[in-house]
Amino acid sequence: MLTHRPRPWRATAAVCAAATLLGAAACGGDRAKGGGEVSIIGSFYPMAWVARRVAGSAASVTTLTKPGAEPHDIELTPRQVVAVAQADLVVYVKGLQPAVDQAVDRHAADRSIDAASLVPTLSAASTGSAATGSSAGGGPRDPHLWLDPDRLATVATAVGARLAKVDQAHAATYEANARALGADLHALDGEFAAGLRDCGYRTIVTSHAAFGYLAERYRLTQVSVAGIDPQNEPSPQRLAALTGEIRRTGVTTVFTETLVSPKVAQTLAREAGVRTATLDPVEGLPAGAKGNYLSIMRRNLQTLRTALECR
């Protein structure tokens, strides 16, 4: 199996270059505290979306991951590292983006929220079914927690509480926005629970192991082509085993994604004699795309209902 590895030397170079920029910025005066607009960074789309919903118009929210970019192994520029160092709050998922983890650890450890620390996480040990595992035990964890709306509601509450402390003048706004977002996410959770309750199949074959939290929440079994990182290419033996499993279980669909090449999944579907459909892991929006987390997840629900022959 080919494994895509992060390139830590580039991340380190960015951090070192950022030190010079930070020094220059310091000569111009300290970052405003208590005056001026609060600055929030969401490391990639789901965290930025939560931050924007909670902040409303009371704070500025930016992201480190450009539209259309696959977020797992992004490399930060020196200016992005500076932005992390100067932000009032960074919202991220530790273990998803090594370059972001490094920048936060060095420059924003006391001004950050790690969403993975707020909810029970799943084991990343299994490449076949990420629906197994729990928060107990060691080993790498599956970072794709935002695909469980209930867990994401917990993150929204935490962001609202932290912003209320950072910017007390707008505390009531942040708290109210967090409650409203939590209500939307719990409603979405109810839609998934009802929509996936009575289905002919309960196995989903996905491009990479992004849907473990969704599978656990709604009693599905995930079988993935690649592992937690979509750059991990499957071996010929793995593809042959998946083809046999699809034929044996009667699965009707192999799911492709929006930000990852569909070629391997399409080859698997062709070999197994089944169709393909797009299941979006909501890791980011393609450039120019419309919609948001809620609309994308509802589209995912309809895609799943069709593929799993739900009633």
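Since the structure is predicted, the reported quantities are computational estimates derived from the model, not experimental observations.

(A) Highlighting the packing of helix α2 (residues 45-55) against helix α6 (residues 171-195). Relative to each other, α2 and α6 sit at 125 degrees, their axes nearing to 7 Å. Regarding the angle of α2 to α6, the classification is oblique. Across the interface between the two elements, Trp49, Val50, Arg53, Val54 and Ala55 of α2 pack against Thr173, Tyr174, Asn177, Ala178, Ala180, Leu181, Asp184 and Leu185 of α6. Of the residues contributing to the contact of α2 with α6, the split by class is nine nonpolar, two polar and two charged.

(B) Expanded view of the pairing of strand β8 (residues 221-226). Within β8, five of the six residues are buried, which leaves it mostly tucked inside the rest of the structure. Where strand β7 (residues 203-208) and β8 come together, five bridges link them in parallel fashion. Of the residues in β8, the one forming a bridge with valine 205 is valine 223.

(C) Focus on the side chain of aspartate 101. Its place among the elements puts aspartate 101 in helix α4 (residues 98-107). As a buried residue without a salt bridge, aspartate 101 has its nearest oppositely charged side chain in lysine 94, at a separation of 6.4 Å. Separated by 3.0 Å, the side chain of aspartate 101 and the backbone nitrogen of glycine 95 make a polar contact. Setting aside its immediate chain neighbours within four residues, aspartate 101 contacts Tyr92, Val93, Lys94 and Gly95.

(D) Representation of the nonpolar core within the structure. By size, the foremost hydrophobic cluster in this structure holds 60 residues, and its most contacted members are Ile40, Leu196 and Tyr293. Put simply, the parts of the chain that give this core at least two residues each are β1 (38-42), α2, β2 (59-63), β3 (89-92), α5 (149-166), α6, α7 (212-217) and α10 (293-307). For this core, the leading source of residues is α2, giving eight residues. If sequence neighbours within four positions are ignored, isoleucine 40 has contacts with Ala51, Ala55, Ala59, Ser60, Val61, Thr62, Leu89, Val91 and Leu163. Listed in part, the 14 residues of the second largest apolar core include Leu64, Val90, Val100 and Ala103.

(E) The arrangement of the sheet that holds strand β9 (residues 253-256) in detail. Strand order in the open sheet formed by four strands is β8-β7-β9-β10, with parallel pairing between adjacent strands. Strands at the two margins of the open sheet, each flanked by one partner only, are β8 and β10 (275-278). Direction aside, the axes of adjacent strands within the sheet are offset by 30 degrees on average. The sheet strands contacting helix α9 (residues 263-272) are β7, β8, β9 and β10, and the helix crosses β9 at an angle near 175 degrees. With respect to the sheet, α10 is in contact with β7, β9 and β10, its orientation differing from that of β10 by roughly 160 degrees.

(F) Quick peek at unusual backbone geometry. The phi dihedral of arginine 219 is positive, around 60 degrees, even though this residue is not glycine. Structurally, arginine 219 is set in the loop between α7 and β8. The exposure class of arginine 219 is exposed, given its relative accessible area of 54%. The backbone of glutamate 309 sits at a positive phi, close to 55 degrees, despite the residue not being glycine. Here glutamate 309 is to be found in the segment after α10.

(G) The arrangement of α6 in detail. Under the 1.5 Å per step criterion, the end-to-end length of α6 is 36 Å for 25 residues, consistent within 8% with the ideal 36 Å. The complete set of buried residues in α6 reads Ala171, Tyr174, Ala178, Leu181, Gly182, Leu185, Leu188, Asp189, Phe192 and Gly195. The inward-facing, buried residues of α6 abut β1, α2, β2, α5, α7 and α10.

(H) Focus on the pattern of salt bridges. Inspection of every chain in the model, using the stated rule, returns nine salt bridges. Here aspartate 148 and arginine 217 are joined by a salt bridge, their closest N and O atoms 3.8 Å apart. Residue aspartate 148 is found in the loop between β6 (141-142) and α5, and its partner arginine 217 is found in helix α7; the two are separated by 69 residues along the sequence. What makes aspartate 148 buried here is its relative accessible area of 1%. One connected set of salt bridges, linked through shared partners, spans Asp148, Asp150, Arg151, Asp189, Glu216 and Arg217.

Definitions and cut-offs
- Residues numbered from 1 in each chain as written.
- Predicted model: local features only at pLDDT ≥ 70, side-chain atom pairs only at ≥ 80, totals over all residues.
- Heavy atoms only, no water.
- Axes fitted to C-alpha atoms, helices over the stretch in contact; angles between N-to-C directions.
- Helix = DSSP H or I, 4+ residues; strand = E, 2+ residues; numbered from the N terminus.
- Parallel < 35°, antiparallel > 145°, perpendicular 65-115°, else oblique.
- Contact = heavy atoms within 4.5 Å.
- Nonpolar A, V, L, I, M, F, W, Y, C, P; charged D, E, K, R; others polar.
- Buried < 20%, exposed > 50% of the residue type's maximum accessible area, 1.4 Å probe, protein only.
- Pairing = 2+ DSSP bridges.
- Lys, Arg positive; Asp, Glu negative; His and termini not counted.
- Salt bridge = Lys/Arg side-chain N within 4 Å of Asp/Glu carboxyl O.
- Polar contact = N/O pair within 3.5 Å; in protein donor to acceptor, adjacent residues only side chain to side chain.
- Core = buried A, V, L, I, M, F, W, Y, C linked by side-chain atoms within 4.5 Å.
- Expected span 1.5 Å × (residues − 1).

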